[in-house]
Amino acid sequence: MDLFEYMRSSNMDKESPLASRLRPATLEEVAGQKHIIGKDKLLYRAIKADKISSVIFYGPPGTGKTTLAKVIANTTSAEFKQINATIANKKDMEEVVEGAKASLGMYGKKTILFIDEIHRFNKSQQDYLLPFVEDGTLILIGATTENPYFEVNNALISRSIIFELKPLDRGDIKELIYRAVNDDKKGMGSYGAVIDETAADFLADICGGDARMALNAVELGILTTDRGDDGKIHITLEVAEQCIQKRAARYDKDGDNHYDTVSAFIKSMRGSDVDAALYYLARMLYAGESVTFIARRIIICASEDVGLADPQALVVANAAAQAVHNIGMPEARIVLAQAVAYVASAPKSNAVYKAIDEALMYVKNNPAGPIPAHLQDAHYKGAAKLGHGLNYKYAHDYKNHYVVQQYMPDGMEDVSFYRPTENGYEADIIKHLERIRKEAE
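Just so it is clear, the structure is predicted and the values come from calculations on it, not from any experiment. (Residues numbered from 1 in each chain as written. Predicted model: local features only at pLDDT ≥ 70, side-chain atom pairs only at ≥ 80, totals over all residues. Heavy atoms only, no water.)

Engineer: How should I be thinking about the overall build of the chain in this particular structure?
Structural biologist: Counting its regular elements, the chain contains 20 helices and 7 strands. Against the 2.2 N^0.38 benchmark of 22 Å for 441 residues, the chain shows a C-alpha radius of gyration of 32 Å, more extended than a compact globule. Its C-alpha atoms give the chain principal-axis dimensions of roughly 100 × 65 × 40 Å. In the chain, buried positions account for 41% of the 441 residues. Across the chain, contacts joining residues at least 24 apart in sequence account for 73% of those joining residues at least 6 apart. Approximately 24700 Å² of the chain is accessible, and the part contributed by carbon and sulfur atoms is 53%. Distance from the positive charge centre (52 side chains) to the negative charge centre (61 side chains) of the chain: 3 Å. (Helix = DSSP H or I, 4+ residues; strand = E, 2+ residues; numbered from the N terminus. Rg over C-alpha atoms; globule rule 2.2 N^0.38 Å. Buried < 20%, exposed > 50% of the residue type's maximum accessible area, 1.4 Å probe, protein only. Contact = heavy atoms within 4.5 Å. Areas by Shrake-Rupley, 256 points an atom, 1.4 Å probe, with all protein chains shown as cover. Lys, Arg positive; Asp, Glu negative; His and termini not counted. Charge placed at Lys NZ, Arg CZ, Asp CG, Glu CD.)

What follows is the structure, given as structure tokens:
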């Protein structure tokens, strides 16, 4: 490292954001993630023994993916190289590979390559790394906020261990907040700041497990708040609220949390939990999800999960979709909430959903039987000579507008697909069908 590089590095250490300066150097300093770095866990043992293999860290922002990579960098005897997939190109990777080959060949020293945002690499870039990971030239550490099973090549996945990081809990965030305020070396301790318990609680709650968000708020509060009469900077609840004007919703329309939220939304409506369904609706609306997308999901649920237990649910859902298309936000939130509450509260049945899937499977797996002659069209030229439509019984001419006759093809007379439940209106359907069939005997 030359003088200029040393000065740049020193200045970066002083001027970099608090969240970066406070980054742990050892495993013992890492907050949270005990499910993967507890003392009895594989990753903890591998890092301590300097026997790390290719791994991919997967989790939301601010949960410690880069932190764990830096801890590995501080503890390993291997060469450690870092690139960011958002700006790296093939030349950057080629330089790392050539350096890794030289280090391994001349000194028998392995090279760890940390790729932040690895999901940003396209298929060809990931494919380029594969042979060098496979032959041990590189030990790969990837970090991603996206599901690696969707965003990372299967070949790299099969050669790596996936570790999922969870949002930090409230206690871990509070510990980091107090460390940031009081630490003289890495934190803001030299500013002589104090933070109220209520302010720390608020930040720990509002950041949603994102340590970086909480630390950025602390730093902003300390740097922009005047000193009190006692000469100290007081981070009160009011200051904390000002530093986070609006919670950044953890919701990426193209990412995993999008699908998880939508899944929870639908399952809550299906499970008749109105409050949970409204909560997930609010999360999607808060994050700016398309109201037409939400309306389509409600329509699907109304048909798939409510069905004929309450036929009105589909009417309400479809009307809501039309309404939100006409009026847009913010009023659309009320329309969507009404539809969600109706569908979630409605009696449930998936009998129709199951029936059509069973019918489709039957059609797929069985030859198409001939349509009974009396059901065939009798209006086209020559149909009568062929016997098409003859002896057809017009249901409206009979009691209850029902008559017994064969509708299924030959050989399928006893096949049934729709089996209504006892829920809601389907109970009436059962009674109706039983009555007209009995009276037709």
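Engineer: Would you explain a nonpolar patch on the surface in this entry?
Structural biologist: A cluster of nonpolar side chains, namely Tyr 392, Tyr 394 and Tyr 407, defines an oily patch on the protein surface of about 340 Å² accessible area. Looking at Tyr 407, the relative accessible area reads 43%, which means it is partly exposed. (Patch = residues over 30% accessible without salt bridge, like charges linked within 9 Å, V, L, I, M, F, W, Y side chains within 5 Å. Salt bridge = Lys/Arg side-chain N within 4 Å of Asp/Glu carboxyl O.)

Engineer: How should the environment of Met 284 be read in this particular structure?
Structural biologist: When you line up the elements, Met 284 lands in helix α15 (residues 274-286). Overall, Met 284 belongs to the buried group, its relative accessible area being 1%. Placed 13 residues apart in sequence, Met 284 and Arg 297 show a C-alpha to C-alpha distance of 12 Å.

Engineer: Where do I start with the packing of helix α16 (residues 291-306) against helix α18 (residues 332-345) in this structure?
Structural biologist: When two helices pack together, you describe them by how their axes are tilted relative to each other and by the distance separating the axes. Close contact between α16 and α18 brings their axes to 10 Å; oriented N to C, the two are set at 15°. When the interaxial angle is binned, α16 and α18 end up roughly parallel. Between α16 and α18 lies a crossing whose hand is left-handed. Taking contact as the criterion, the partners of Val 291, Ile 294, Ala 295, Ile 298, Cys 301, Ala 302 and Val 306 in α16 are, on α18, Ala 332, Leu 336, Ala 339, Val 340 and Val 343. By residue class, the composition of the contact of α16 with α18 is 12 nonpolar, no polar and no charged. (Axes fitted to C-alpha atoms, helices over the stretch in contact; angles between N-to-C directions. Parallel < 35°, antiparallel > 145°, perpendicular 65-115°, else oblique. Left-handed = near helix turned anticlockwise from the far one by under 90°. Nonpolar A, V, L, I, M, F, W, Y, C, P; charged D, E, K, R; others polar.)

Engineer: What is the right way to look at the sheet that holds strand β4 (residues 138-144) in this model?
Structural biologist: In sheet architecture, strand pairing relies on hydrogen bonds along the backbone and comes in two forms, parallel and antiparallel. Pairing in this open sheet of 5 strands is parallel, and the strands run β2-β3-β4-β1-β5 from one edge to the other. Edge positions in the sheet fall to β2 (79-84) and β5 (161-164), since each of these pairs with one other strand and no more. Averaged over neighbouring strand pairs, the angle between their axes works out to 15° when direction is ignored. As defined by bridge partners, β2 adjoins strand β3 (residues 111-116) across 6 bridges and the pair is classed as parallel. When the bridges of β3 are listed, Asn 84 appears paired with Asp 116. Packed on one face of the sheet, helix α6 (residues 90-107) meets β2, β3 and β4 and runs near 175° to β2. Sitting on the sheet, helix α7 (residues 123-134) is in contact with β3 and β4, with an inclination near 135° to β4. (Pairing = 2+ DSSP bridges.)

Engineer: Teacher, can you tell me more about the side chain of His 374 here?
Structural biologist: Summarising the element assignment, His 374 is placed in the loop between α19 (351-365) and α20 (424-439). Given a relative accessible area of 16%, His 374 falls into the buried group. A distance of 2.7 Å separates the side chain of His 374 from the backbone oxygen of Gln 406, its partner in a polar contact. Discounting chain neighbours no more than four positions away, the residues touching His 374 are Gly 389, Leu 390, Asn 391, Tyr 392, Gln 405 and Gln 406. (Polar contact = N/O pair within 3.5 Å; in protein donor to acceptor, adjacent residues only side chain to side chain.)

Engineer: Is there a simple way to explain the confidence of the model for the chain in this structure?
Structural biologist: Interpretation of the predicted coordinates at a detailed level should be avoided for regions scoring low in pLDDT. Looking at the chain, the pLDDT average stands at 86 and 93% of residues meet or exceed 70. In the predicted structure, residues 1-12 sits below a pLDDT of 50 and forms 2 contacts with residues beyond four places in sequence or in another chain. (pLDDT = per-residue confidence, 0-100.)

Engineer: Teacher, can you tell me more about the packing of α16 against helix α17 (residues 312-327) here?
Structural biologist: With their axes 9 Å apart at the nearest point, α16 and α17 run at an angle of 170° to one another. With respect to their mutual orientation, α16 and α17 come out roughly antiparallel. The residues of α17 that touch α16, namely those facing Val 291, Ala 295, Ile 298, Ile 299, Ala 302, Ser 303 and Val 306, are Ala 313, Leu 314, Ala 317, Asn 318, Ala 321 and Val 324. In terms of residue class, the contact of α16 with α17 is built from 11 nonpolar, 2 polar and no charged.

Engineer: How do you make sense of unusual backbone geometry when you look at a structure like this?
Structural biologist: Generally, phi is negative for residues other than glycine and the peptide bonds are trans, each holding for most cases. For the bond running from Met 329 to Pro 330, omega is 10°, close enough to zero to count as cis. With respect to the element layout, Pro 330 can be found in the loop between α17 and α18. Its identity as a non-glycine residue notwithstanding, Asp 50 has a phi of 55°, on the positive side. Position of Asp 50 among the secondary structure elements: in the loop between α4 (42-48) and β1 (55-58). Here Asn 400, not a glycine, exhibits a phi torsion of approximately 60°, which is positive. When you line up the elements, Asn 400 lands in the loop between α19 and α20. Among the residues examined, Asn 400 registers a relative accessible area of 25% and is labelled partly exposed.

Engineer: For this particular structure, what's the right way to read the nonpolar core?
Structural biologist: As a rule of thumb, nonpolar side chains are buried together in soluble globular proteins. Residues Ile 173, Ile 177, Ile 195, Leu 203, Val 218 and Ile 222 are the most contacted members of the largest nonpolar core, which totals 31 residues. Of all the secondary-structure elements, those providing two or more residues to this core are α2 (18-21), α10 (170-182), β6 (193-195), α11 (197-206), α12 (211-224), β7 (233-235) and α13 (237-243). A per-element tally of this core places α12 first, with 7 residues. Apart from the residues lying within four places of it in its own chain, the contact partners of Ile 195 are Ile 177, Tyr 178, Val 181, Ala 200, Leu 203 and Ile 235. If you look at the next biggest cluster of nonpolar residues, it comprises 30 residues, including Ile 266, Ile 294, Val 340 and Ala 346. (Core = buried A, V, L, I, M, F, W, Y, C linked by side-chain atoms within 4.5 Å.)

Engineer: Got a minute to help me understand the pattern of salt bridges in this structure?
Structural biologist: Two side chains carrying opposite charge are able to pair once their charged atoms lie near each other. Enumeration over the complete set of coordinates arrives at 18 salt bridges. Residue Lys 48 is joined to Glu 28 by a salt bridge in which the shortest nitrogen-to-oxygen separation is 3.1 Å. Taken together, the residues span a long stretch of sequence, with Lys 48 in helix α4 and Glu 28 in the loop between α2 and α3 (34-37) at a distance of 20 residues. Its salt-bridge partner being Arg 159, residue Glu 134 comes within 2.7 Å of it at the nearest N-O pair. In this pair, Glu 134 is assigned in helix α7 and Arg 159 in the loop between α9 (154-158) and β5, connecting sequence segments 25 residues apart. Accessibility expressed as a relative area gives 32% for Arg 159, which makes it partly exposed. Each of Arg 170, Lys 174, Glu 197, Asp 201 and Asp 205 takes part in salt bridges that share partners, so that together they form one network.

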